[in-house]
Amino acid sequence: LNRDEDSPFKQMIATPTTTSGIVKDNSVLRMLESSLTDGILYRYRDPDNGEGDAEQMLSVLKDYWHSVVDVFPEAWGLPPKRSRLMHGAGIMSLGHLMDAIGDRFGPARAPNREEFREEVVLLRDTCRWTHGYWDFGPGKQRKWNEVQNTSKDIQMLASFLLFKYRECVSVSRQSAH
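Residues numbered from 1 in each chain as written. Predicted model: local features only at pLDDT ≥ 70, side-chain atom pairs only at ≥ 80, totals over all residues. Heavy atoms only, no water.

(A) Highlighting the environment of Ser-27. Relative to the assigned elements, Ser-27 resides in helix α1 (residues 25-38). What makes Ser-27 buried here is its relative accessible area of 2%. Taking the C-alpha atoms as reference points, Ser-27 and Gly-90, 63 residues apart in sequence, are found 9.1 Å from one another. (Helix = DSSP H or I, 4+ residues; strand = E, 2+ residues; numbered from the N terminus. Buried < 20%, exposed > 50% of the residue type's maximum accessible area, 1.4 Å probe, protein only.)

(B) Local environment of the pattern of salt bridges. Scanning the entire structure with this criterion turns up seven salt bridges. In this structure, the salt-bridge partner of Arg-109 is Glu-115, at a minimum N-O distance of 2.6 Å. Arg-109 gets classed as partly exposed once you look at its relative accessible area, which sits at 42%. According to the relative accessible area criterion, Glu-115 is buried, its value standing at 16%. (Salt bridge = Lys/Arg side-chain N within 4 Å of Asp/Glu carboxyl O.)

The values are spatial; any link to function lies outside them.
Okay, here's the thing in structure tokens:
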């Protein structure tokens with residue numbers, strides 16, 4: 001992802017060889033590991049030997065993360081102190097959203113970039129990546145930059161985004177009938 005010319009993460013992941021990156025490699029690795037274990041990327045692994053179709057996985061990742069850039073351009077590429085999207089909590093939470101969207105489309109095929117974008121855009125008005133307050137429920141408001149890269153906060157943000165996503169999907173299904 002860091003070296004691929006078409007990757008939204010090109011040169012943005014901080015590694016020993018890309019020290020100027022703004023996204024911690026550990027955050028991206030944890031997001032990938034989660035999806036490989038039981039998310040959309042898992043379907044591209046051979047159950048017998050554990051090897052995966054790297055090209056297909058990369059295609060899904062690029063389509064999804066490009067859709068995130070399309071929906072949240074103002075929050076993309078900023079240092080984590082200025083954008084929680086680029087922060088470990090944002091990367092992990094959005095990784096869970098990628099998996100949920102993949103589940104919604106079913107096992108036959110992964111969504112393409114436009115289909116991912118149509119799903120991610122449902123959360124545009126819900127997310128507070130760079131300003132404002134996250135509304136996690138009664139008595140649980142958090143300033144945008146108070147969400148931390150802790151298991152508890154990642155779980156809270158991921159659960160919130162998944163709940164809001166499912167709520168939006170349910171509403172759009174009802175209005176289609």
